[in-house]
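# Summary of the model geometry
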Amino acid sequence: MSIIREAFKAIRITLIMWILTAIIYPVFILLVGQSIFPNSANGSIMLNIKGRPIGSTLIGQEFTSDSYFHGRPSAVNYSQSKKAQPTGISGGSNLAPTNPELKERILKQVEEIENDNKQPVADLLYTSASGLDPHISLKAARQQIERVARARGIKEDDIIPLISRYIDGRFLGIFGEPGINLLRLNYALDLQDINRQPN
């Protein structure tokens with residue numbers, strides 16, 4: 001008799017814990033997120049002027065054209081499909097610092113940067129741990145101003161105010177370094193081009 005009573009007690013506790021942790025807590029977090037941080041809770045999706053989503057400001061995008069600022073390299077091209085865009089923004093290589101393949105990749109990138117008479121910058125050489133870093137440093141952005149201005153046929157002075165506008169400061173004012181959100185900056189460059197075109 002006591003075994004049946006203990007079994008029912010265990011089942012009751014399991015059901016209570018399941019309702020608390022699988023229903024009440026997630027619903028509470030969902031309501032808090034949607035009411036206080038709706039943009040972040042929905043992925044910080046950025047829309048273009050037509051109201052179409054163009055990406056998340058929290059996740060790195062792959063930009064390869066000379067007319068855009070480039071982000072940190074990605075170790076993994078996670079999608080080989082032509083339908084899934086953008087590609088190459090997720091995952092780390094897990095290569096050790098002594099791995100010859102990693103060394104070869106970095107030396108190749110250093111050579112490409114030096115061929116453009118630029119000083120190699122860490123965040124244009126090394127992948128981030130997740131491959132999802134949406135920011136680059138101010139130094140990395142400065143290295144690319146000349147290339148972007150030349151590709152767009154504009155003056156470097158037209159780009160500098162945009163860089164200043166899209167700097168994200170340190171987290172809570174003390175953690176990390178200031179960085180530039182690439183998606184916001186590159187889209188602002190596109191908008192600048194649209195506004196410059198004659199009607």
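A quick note: this is a predicted structure, and the numbers were derived from the prediction, not measured.

## A word on helix α3 (residues 100-115)
- With 16 residues, α3 should reach 22 Å at 1.5 Å per residue; the first-to-last C-alpha distance of 22 Å fits that figure.
- Residues L102, I106, Q109, V110 and I113 constitute the buried set of α3. In an axial view of α3, the angular spread of the buried residues amounts to 105°, which keeps them on one side of the axis. Turned more than 90 degrees away from the buried face of α3, the exposed residues are P100, E101, E104, L107, K108 and N115.

## Some words on helix α5 (residues 138-152)
- Over its 15 residues, α5 runs 20 Å from end to end, which matches the ideal 21 Å to within 8%, given 1.5 Å per residue.
- For α5, the principal kink sits at Q144 and spans about 40°.
- Three or more residues of α5 are buried, namely A140, A141, Q143, Q144, I145, R147, V148, A149 and R152.
- Following α5 by one or two positions, G153 has its phi on the positive side, about 70°.

## Considerations on the pairing of strand β2 (residues 53-56)
- Summarising the sheet, strand β1 (residues 45-47) and β2 pair through 3 bridges and their orientation is antiparallel. Among the inter-strand pairings, I45 is bridged to a residue of β2, identified as S56.
- Linkage of β1 to β2, two consecutive antiparallel strands, is achieved through a turn of 5 residues, within which G51 is found at a positive phi near 80°.

## Quick word on the sheet that holds strand β4 (residues 167-168)
- Ordered by their spatial adjacency, 3 strands build an open sheet running β3-β5-β4, and the pairing between neighbours is antiparallel. In the strand order of this sheet, the two ends are held by β3 (135-136) and β4, each with one partner.

## Some thoughts on the pattern of salt bridges
- The full count for this structure, using the stated rule, is 4 salt bridges.
- The partner of E6 in a salt bridge is K9, and the shortest N-O contact between them spans 3.7 Å. With a gap of 3 residues between them, E6 and K9 both fall in helix α1 (residues 2-36), about one helical turn apart.
- Taking relative accessible area as the criterion, E6 reaches 44% and is therefore assigned partly exposed.
- Classification of K9 by relative accessible area gives partly exposed; the value is 37%.

## Topic: the side chain of N186
- Of note, N186 is situated in helix α7 (residues 182-196).
- The buried category is assigned to N186, whose relative accessible area is 1%.
- A distance of 2.9 Å separates a polar side-chain atom of N186 from the backbone nitrogen of F69.
- If we skip the residues at most four places from it in the chain, N186 touches F63, Y68, F69 and R152.

## Regarding the packing of α5 against helix α6 (residues 156-165)
- In the contact formed by α5 and α6, the axes pass within 9 Å of each other and the chain directions differ by 140°. In terms of orientation, α5 and α6 fall into the oblique class. The two elements α5 and α6 meet at a crossing, and its hand is right-handed. Along the contact surface, α5 presents A141, I145, E146, V148 and A149, while α6 presents E156, I159, I160 and I163.

Parameters at a glance
Residues numbered from 1 in each chain as written. Predicted model: local features only at pLDDT ≥ 70, side-chain atom pairs only at ≥ 80, totals over all residues. Heavy atoms only, no water. Helix = DSSP H or I, 4+ residues; strand = E, 2+ residues; numbered from the N terminus. Expected span 1.5 Å × (residues − 1). Buried < 20%, exposed > 50% of the residue type's maximum accessible area, 1.4 Å probe, protein only. Arc of directions from axis to C-beta. Bend = angle between axes of the 7 residues up to and from the residue. Pairing = 2+ DSSP bridges. Salt bridge = Lys/Arg side-chain N within 4 Å of Asp/Glu carboxyl O. Polar contact = N/O pair within 3.5 Å; in protein donor to acceptor, adjacent residues only side chain to side chain. Contact = heavy atoms within 4.5 Å. Axes fitted to C-alpha atoms, helices over the stretch in contact; angles between N-to-C directions. Parallel < 35°, antiparallel > 145°, perpendicular 65-115°, else oblique. Left-handed = near helix turned anticlockwise from the far one by under 90°.

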